[in-house]
Structure formats: structure tokens, C-alpha cells
Amino acid sequence: MNYELRNIYFYRITFLFVLAILLLPGIVFAIDTDRDGLSDGEESYYHTDPENVDTDGDGYYDGVEVEFDYSPHIGDNKRMNEYDYDGDGLNDWVERWFGS
């Protein structure tokens, strides 16, 4: 095998390796086990059940509730700004806004 051909293979393998490293976290993060519209990473962020499409049992998928600012933790049409899941004094809407 000549020197130029080895360089081509080296660069192709390096490119594929770097591509895999860059894309793999996005693929893993995008997995939605229960298919409710929230990825498993988002389920962890919002403290919802990644294996249950409707964590609070009110008949609406968790992803739909989060999209329209309803709390996925408690039914009764409570908005995120009306509920504090972790009891720290900041409602869920504020926590989502600041990413806490």
C-alpha cells in the first residue's frame, strides 16, 4: 500500500470517528422511551417519568403539557406558574425559564 493511499484511509477513518463523537450525544439525548413528546433527557430535566406518557394521569401527554405551559406533575389544569414541584419557592415556569 502506498503512502498516499494510507493517508486517505487515515483521514477517512479520522473523519468518521470525529463525526460519531459529535453526533452520538445528540442521538442518545433524543431518545423518547414513552413517546410522549419529551426526550428522556427532557424527562429528567422536568422530573417526569420517562416510561409513562402521562406522569400526572390527567389524560394529556407530558410533552403536550410542557409545550403549552401546563404542569406535567399535577392535573386539574394547573399551569407551570401555579405549581412548585420541588418546593423551593420558585414555580415550575420560573425554573424552566432560568434552567434550574
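Here the structure is a predicted model, which is why all the values come from computation and not from measurement.

Draft legend 1. Looking closely at empty space enclosed by the protein. Applying the stated criterion to the full structure yields one cavity of 30 Å³ or more. The calculated volume of the largest cavity comes to roughly 140 Å³. Contributing to the lining of the largest cavity are Y45, Y46, H47, P72, H73, M80, Y85, D86, D92, E95, R96 and S100. Those elements giving two or more residues to the lining of the largest cavity turn out to be α2 (40–46) and α4 (92–98). Looking at the lining of the largest cavity element by element, the count peaks at three residues for α4. Of the residues belonging to the lining of the largest cavity, the class tally is five nonpolar, three polar and four charged.

Draft legend 2. Representation of unusual backbone geometry within the structure. Backbone geometry at R35 places phi at a positive 55°, although glycine is not the residue there. Checked against the element boundaries, R35 lands in the loop between α1 (3–29) and α2. The residue D69 is not glycine, and still its phi comes out positive at about 65°. Of note, D69 is situated in the loop between α3 (62–67) and α4.

Draft legend 3. Looking closely at the confidence of the model for the protein chain. With 88% of its residues at a pLDDT of 70 or more, the protein chain has an overall mean of 85. No element of the protein chain has a lower mean pLDDT than α1, at 71, and none a higher one than α3, at 94.

Draft legend 4. Representation of the packing of aromatic side chains. This structure, assessed with the given rule, holds three aromatic pairs. Note on F10 and Y11: the rings are 5.6 Å apart at their centroids and 65° apart in plane angle, and the pair reads as edge-to-face. For the pair formed by F10 and Y11, the shared burial category is exposed. Residue placement shows R79 over the ring face of Y70; its charged tip is 4.2 Å from the ring centre.

Draft legend 5. Seen up close, the environment of D69. With relative accessibility at 25%, the residue D69 sits in the partly exposed group. Residues D69 and M80, eleven residues apart in the sequence, show an inter-C-alpha distance of 5.5 Å. Sequence-distant contacts of D69, defined by excluding residues within four places in its chain, comprise R79, M80, W93 and R96.

Draft legend 6. Examining a nonpolar patch on the surface more closely. Residues F17, V18, I21 and L22 make up a contiguous nonpolar surface patch of roughly 420 Å² in combined accessible area. Note that I21 resides in helix α1.

Draft legend 7. Summary view of the pattern of salt bridges. Applying the stated criterion across every chain, the model contains one salt bridge. Ionic pairing is found between R96 and D69, a salt bridge with its closest N-O pair at 2.0 Å. Of the two residues, R96 is situated in helix α4 and D69 in the loop between α3 and α4; the sequence distance between them amounts to 27 residues.

The rules behind the values
Residues numbered from 1 in each chain as written. Predicted model: local features only at pLDDT ≥ 70, side-chain atom pairs only at ≥ 80, totals over all residues. Heavy atoms only, no water. 1 Å grid on protein atoms, 1.4 Å probe; cavity = no way out; pocket = protein on both sides within 12 Å on 5 of 7 lines; lining within 4 Å. Points joined across faces, edges and corners; volume = space filled by probe spheres on them. Helix = DSSP H or I, 4+ residues; strand = E, 2+ residues; numbered from the N terminus. Nonpolar A, V, L, I, M, F, W, Y, C, P; charged D, E, K, R; others polar. pLDDT = per-residue confidence, 0-100. Phe/Tyr/Trp six-rings, centres within 6.5 Å; stacked < 30°, edge-to-face > 60°. Buried < 20%, exposed > 50% of the residue type's maximum accessible area, 1.4 Å probe, protein only. Lys NZ or Arg CZ within 6 Å of the ring centre and 35° of its normal. Contact = heavy atoms within 4.5 Å. Patch = residues over 30% accessible without salt bridge, like charges linked within 9 Å, V, L, I, M, F, W, Y side chains within 5 Å. Areas by Shrake-Rupley, 256 points an atom, 1.4 Å probe, with all protein chains shown as cover. Salt bridge = Lys/Arg side-chain N within 4 Å of Asp/Glu carboxyl O.

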